[in-house]
Amino acid sequence: MSTVAALLAEARTLGMDRLDAQLLLAHVLGQSRSWLLANDDASLNADQLHRLRSFFKRRAGGEPLAYLVGEKEFHGLTLRVSPAVLVPRPDTETLVDWAIELMTPSSAVLDMGTGSGAVALALKHAHPQAQITALDASAPALAVARENGKRLRLEVEWLLSDWWQQLEGRRFDLIVSNPPYIAGDDAHLAALQHEPMQALTPGGDGLDSLRQIIAGARTHLSPGGWLLLEHGYDQAAAVADLLRQHRFQDVTTRHDLAGHTRCTGGRQS
Ligand code: GLN
């Protein structure tokens, strides 16, 4: 019998995380996880069973759960995701919380490398009167972001731009970015192979995108405006140095939920 209970046991023998198995079952059945927990004797029809086993296999092969169910929760918003975008990480909520603290109701904010739109949309949700612009160099990623904005009824200006390319003459009160920052030879990349490499690593020492963003930020920030950057757990000192070299002041680093240094920012002097 293909009951929920039997399929959870089957997932265990595949070495799957129990929560992941429950979420895939709930997705295939079109039910919530709490319904599933109360109905472990419910059975799946042949079609559902086929879909579930294919999902189990893909998950066991390392595909992120978010791609299989097509969505991910981020900062209180449910975002649609596809393999065209990085799966939003809880680490990035550090960047969002910091930006929300610095914003005023009417701030003009730029999100660079928006991917699914996660950061831009969370900022617009927190400050509905703010003017948010978000860019990405990937047209398929920007389509996902735009669709999320429509569905959540959050208005953001979406720009297809390779970093500063399309921003001639534009200034913002706050610029935020979670750019690709993993070093090109980092062993972790193998585990992330289902996500867009372009969003994860700029190659080399991992700092090239951060360098480009920092180098261009001065001419795109209003006086006193802040630049906030997410970076790798071991890149805080390098990012702080780059900011100081470009005459940013009040350079500060914040930690993520796991206790790693994850964001560094500075204020335009
Ligand atoms: N934080 C992500 C990870 O380590 C990387 C995100 C990024 O490169 N911007 O999996």
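In case you missed it, the structure is sitting above this.
Summary of the structure given here. (Residues numbered from 1 in each chain as written. Predicted model: local features only at pLDDT ≥ 70, side-chain atom pairs only at ≥ 80, totals over all residues. Heavy atoms only, no water.)

## A look at the overall build of the protein chain
Argument step 1. Within the protein chain, the regular secondary structure consists of eleven helices and nine strands.
Argument step 2. Taking 2.2 N^0.38 as the reference for a compact globule, 269 residues should give roughly 18 Å; the C-alpha atoms of the protein chain span a radius of gyration of 20 Å, in line with that estimate.
Argument step 3. Counting only C-alpha atoms and orienting by the principal axes, one finds that the protein chain spans roughly 70 × 40 × 30 Å.
Argument step 4. Split into buried and exposed, the 269 residues of the protein chain put 51% on the buried side.
Argument step 5. Within the protein chain, counting contacts between residues at least 6 apart in sequence, those at least 24 apart form 63% of the total.
Argument step 6. Of the roughly 12,700 Å² that the protein chain leaves accessible, carbon and sulfur atoms contribute 50%.
Argument step 7. Placing the 25 positive and 31 negative side-chain charges of the protein chain at their respective mean positions leaves the two points 3 Å apart. (Helix = DSSP H or I, 4+ residues; strand = E, 2+ residues; numbered from the N terminus. Rg over C-alpha atoms; globule rule 2.2 N^0.38 Å. Buried < 20%, exposed > 50% of the residue type's maximum accessible area, 1.4 Å probe, protein only. Contact = heavy atoms within 4.5 Å. Areas by Shrake-Rupley, 256 points an atom, 1.4 Å probe, with all protein chains shown as cover. Lys, Arg positive; Asp, Glu negative; His and termini not counted. Charge placed at Lys NZ, Arg CZ, Asp CG, Glu CD.)

## Digging into the side chain of Ser 2
Argument step 1. Within the fold, Ser 2 resides in the segment before α1 (4-13).
Argument step 2. Residues contacting Ser 2, with those up to four places away along its chain left out, are Leu 7, Ala 42, Ser 43, Leu 44 and Leu 49.

## Topic: the pattern of salt bridges
Argument step 1. Using the criterion set out here, one finds twelve salt bridges in the structure.
Argument step 2. A salt bridge links Arg 170 to Glu 157; the nearest nitrogen and oxygen atoms lie 2.9 Å apart. One end of the pair, Arg 170, is in the loop between β5 (157-160) and β6 (172-177); the other, Glu 157, is in strand β5, with 13 residues separating them in the sequence.
Argument step 3. What makes Glu 157 partly exposed here is its relative accessible area of 32%.
Argument step 4. Arg 211 serves as the salt-bridge partner of Asp 205, at 2.6 Å between the closest nitrogen and oxygen.
Argument step 5. The exposure class assigned to Asp 205 is partly exposed, which follows from its relative accessible area of 39%.
Argument step 6. According to the relative accessible area criterion, Arg 211 is partly exposed, its value standing at 31%. (Salt bridge = Lys/Arg side-chain N within 4 Å of Asp/Glu carboxyl O.)

## Side note on the packing of aromatic side chains
Argument step 1. Applying the stated criterion to the full structure yields one aromatic pair.
Argument step 2. Consider the rings of Trp 98 and Trp 226, whose centres lie 6.4 Å apart with planes at 55 degrees: the pair is tilted. Here the residue Trp 98 occupies a position in helix α6 (residues 93-102), and Trp 226 occupies one in strand β7 (residues 221-230), the gap between them amounting to 128 residues. There is no split in this pair, since Trp 98 and Trp 226 are both buried. (Phe/Tyr/Trp six-rings, centres within 6.5 Å; stacked < 30°, edge-to-face > 60°.)

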